[in-house]
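Coordinates in review
Below, each chain spelled out in residue letters.
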Amino acid sequence: METRLPSLPLMKIFSYLDAYSLLQVAQVNKNWNELASNDVLWRKLCQKRWLFCDMVTLQLQDKETWKQFFVYRTWQEHSKTRANPRDFTYKEIPLQYGLCGYACYISGCGVTRKGQDKSVVCMVSSKNTISTWDVHKSVITWKSPEQLASIKLLTTLPEMHIAVTVDIQSTIKLWDCHNREALATNILESPCKSLKAVITKDDPIVLVSDILGNLYIFRIPDLHLISTVNVLPCDIDEIYCSPQKKWVLLSKKQPYILPKVFYMSSLLRTSEFSAPVSTLLEFSLCQEAFWTPRREDRLTLMSRSGCSKITKFETYDMKLEEFGNKIIVKGNSIAGFLLPYYKESLNWFGVSDKDTIVCSTEFSLLLFTNNGHRLQTFQYFSETIVRLCVDPVHVIVTCNDGSLDVYAWEERSLLLRKCYRLKNRRHLSPRGFINKTLCDDVSIIQLMIDGHNTWFLMAYALNICS
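In what follows, the accompanying structure is described.

Reading the values: rules and limits
- Residues numbered from 1 in each chain as written.
- Predicted model: local features only at pLDDT ≥ 70, side-chain atom pairs only at ≥ 80, totals over all residues.
- Heavy atoms only, no water.
- Helix = DSSP H or I, 4+ residues; strand = E, 2+ residues; numbered from the N terminus.
- Contact = heavy atoms within 4.5 Å.
- Pairing = 2+ DSSP bridges.
- Expected span 1.5 Å × (residues − 1).
- Buried < 20%, exposed > 50% of the residue type's maximum accessible area, 1.4 Å probe, protein only.
- Phe/Tyr/Trp six-rings, centres within 6.5 Å; stacked < 30°, edge-to-face > 60°.
- Axes fitted to C-alpha atoms, helices over the stretch in contact; angles between N-to-C directions.
- Parallel < 35°, antiparallel > 145°, perpendicular 65-115°, else oblique.
- Polar contact = N/O pair within 3.5 Å; in protein donor to acceptor, adjacent residues only side chain to side chain.

A short note on the overall build of the protein
- Helix and strand counts for the protein stand at eight helices and 32 strands.
- Contacts in the protein between residues at least 24 apart in sequence constitute 46% of all its contacts with a sequence separation of at least 6.

Some remarks on the pairing of strand β20 (residues 311-323)
- Judged from the seven bridges that link them, strand β19 (residues 298-304) and β20 form a sheet pairing that is antiparallel. Of the residues in β20, the one forming a bridge with L301 is E314.
- Summarising the sheet, β20 and strand β21 (residues 326-339) pair through 13 bridges and their orientation is antiparallel. Its bridge partner lying in β21, Y316 is registered against S333.
- Here β20 folds back onto β21, and the loop between the two strands holds two residues, one of which, G324, carries a positive phi near 65°.

Let's talk about the environment of C389
- For C389, the position within the fold is in strand β26 (residues 385-390).
- In sequence terms C389 and K436 are 47 residues apart; their C-alpha atoms lie 9.3 Å from each other.
- Ignoring any residue separated from it by four or fewer positions in sequence, one finds C389 in contact with H394, V395, I396, T437 and C439.

Looking at helix α6 (residues 66-77)
- With twelve residues, α6 extends 16 Å between its outermost C-alpha atoms, agreeing within 8% with the 16 Å of an ideal straight helix rising 1.5 Å per residue.
- Taken across its twelve residues, α6 has nine buried, putting it largely inside the fold.
- Here α6 has its buried residues at W66, K67, F69, F70, Y72, R73, T74, Q76 and E77.

Considerations on the packing of aromatic side chains
- Counted by the stated rule, this structure contains 15 aromatic pairs.
- Arranged with centres 5.7 Å apart and planes meeting at 55°, the rings of W247 and Y263 form a pair that is tilted. Of the two residues, W247 is situated in strand β15 (residues 247-251) and Y263 in strand β16 (residues 260-263); the sequence distance between them amounts to 16 residues.
- Classification of W247 by relative accessible area gives buried; the value is 0%.
- Among the aromatic residues, ring-to-ring pairing joins F290, F313, F337, F349 and F368 into one connected group.

Quick notes on the packing of helix α4 (residues 39-49) against α6
- At a minimum axis distance of 8 Å, the contact between α4 and α6 shows a crossing angle of 30°. By the angle between their directions, the pair α4 and α6 is classed as roughly parallel. For the pair α4 and α6, the contacting residues are D39, W42, R43, L45, C46 and R49 in the first and W66, K67, F69, F70, T74 and E77 in the second.

Considerations on unusual backbone geometry
- For the bond from I220 to P221, the omega torsion is 20°, close enough to zero to count as cis.
- Along the chain, the position of P221 falls in the loop between β12 (214-219) and β13 (225-230).
- Positive phi, normally seen in glycine, also occurs at C177, with a value near 60°.
- Phi is positive for L285, close to 55°, though the residue is something other than glycine.
- Within the secondary structure, L285 sits in the loop between β17 (278-280) and β18 (286-291).

Examining the pairing of strand β14 (residues 238-241)
- Of the strand pairs in this sheet, β14 and β15 are connected by four bridges, and their pairing is antiparallel. Bridge pairing links I239 to L250 in β15.
- Hairpin remark: β14 followed by β15, antiparallel, with five residues in the connecting loop; positive phi at K245, about 65°.

Digging into the side chain of S443
- With respect to the helices and strands, S443 occurs in strand β31 (residues 443-449).
- Taking relative accessible area as the criterion, S443 reaches 0% and is therefore assigned buried.
- Within the structure, S443 has its side chain in polar contact with the side chain of Y105 (distance 2.7 Å).
- Of note is the side chain of S443, whose polar atom sits 2.9 Å from the side chain of S119.
- When near neighbours in sequence (up to four residues on either side) are disregarded, S443 contacts K80, Y105, S119, V135, L438, Y460 and A461.

Observations regarding the sheet that holds strand β6 (residues 151-157)
- One open sheet accounts for four strands, arranged β6-β7-β8-β9; its pairing is antiparallel. The open sheet has two free edges, formed respectively by β6 and β9 (184-187), since each of these has just one partner strand. Adjacent strand axes in the sheet meet at a mean angle of 15°, parallel and antiparallel pairs treated alike.

Below, the structure written as structure tokens:
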């Protein structure tokens, strides 16, 4: 005689399972299948894997259930992992002008099962214009009017198909990349140093830092100034936002300037907070920072001292605490290690959602736990590593000859597996170099300058079959 457990205890048990296990228990019988397909369970899994699911409704994703969305999105983000070099088409476009940060995706991630979605890149195509390029069709789809002043910085918000520029006269403009004229304009008081556009739980915003160490928060789409705060006694090199935009880290690569982490809501809700809530992390000479994917509060910093070539990694968990009526931020160090006297300098790094640190020297790709245990090494001999692109699914290595090695994170281990190599189709002379590598679900792009000082945007577009 079949014993049937009550639904509530079963649901409680199922809530502790991962997606793979939940799909397995759904095969036991009709009752378990119905319970294991419950939207509450699958939405929780979606929110854990893709933090943006906290900020969207299912209608925006055009899926009927959270289970269907999970299966679809997992299939979607592994499209490059399943591919091989024959599945890519090479595209390129010459640019009149190019610098680091002058090409960004403006399309949302992804492909559909029918292959209808596409990659679109926004780029500074001359000193005074920006344009969008459909990677798969290899056509320019929009171009701005020529601006009076040269464009200095560009960022995009792919979820809203929006681009933001700052010119050398400190004028900030917001574009929808459909209309000829900018949707909104504002002017900064001093020259801009860094720029980022993000969607928070409150509003979509633009974060701008200037050479005086100030951080400005503008609202999208009207560029209304929400708040201004002086962060550092000097200019800010980098702005790093956590995956769900709860935190923002601002840093400067100087020995006596410590990185600072702000609670984002305190910058946006000025009527609720008398002053921005922040903390300094006791970590000097910060070279790079990386928020752990799919974990909102975990941050890893890397420093490198020039003389001894000692590389240091430190991982922090950020936490809000209340003291009476006051909220404070604490950064608790949970792991760290040193790599002293390493024969090659570590130049690039990233972190997986399982806290594996991947970093590169000129001739090797190295994997460590956040406590410094060596997990894996991939050696390079005939070429050198010049770029590293890390996301929750892939690690893409750019070599000095322009070729790309695509790796994938193992689902149930801390390790990487090598998938394939994409060889550079354009000859790269000894004087040329790759300036930037970006990727989305269906393409990989590179910003390259050749030996004749000509800039090219190169793309490998994935051919998707239904």
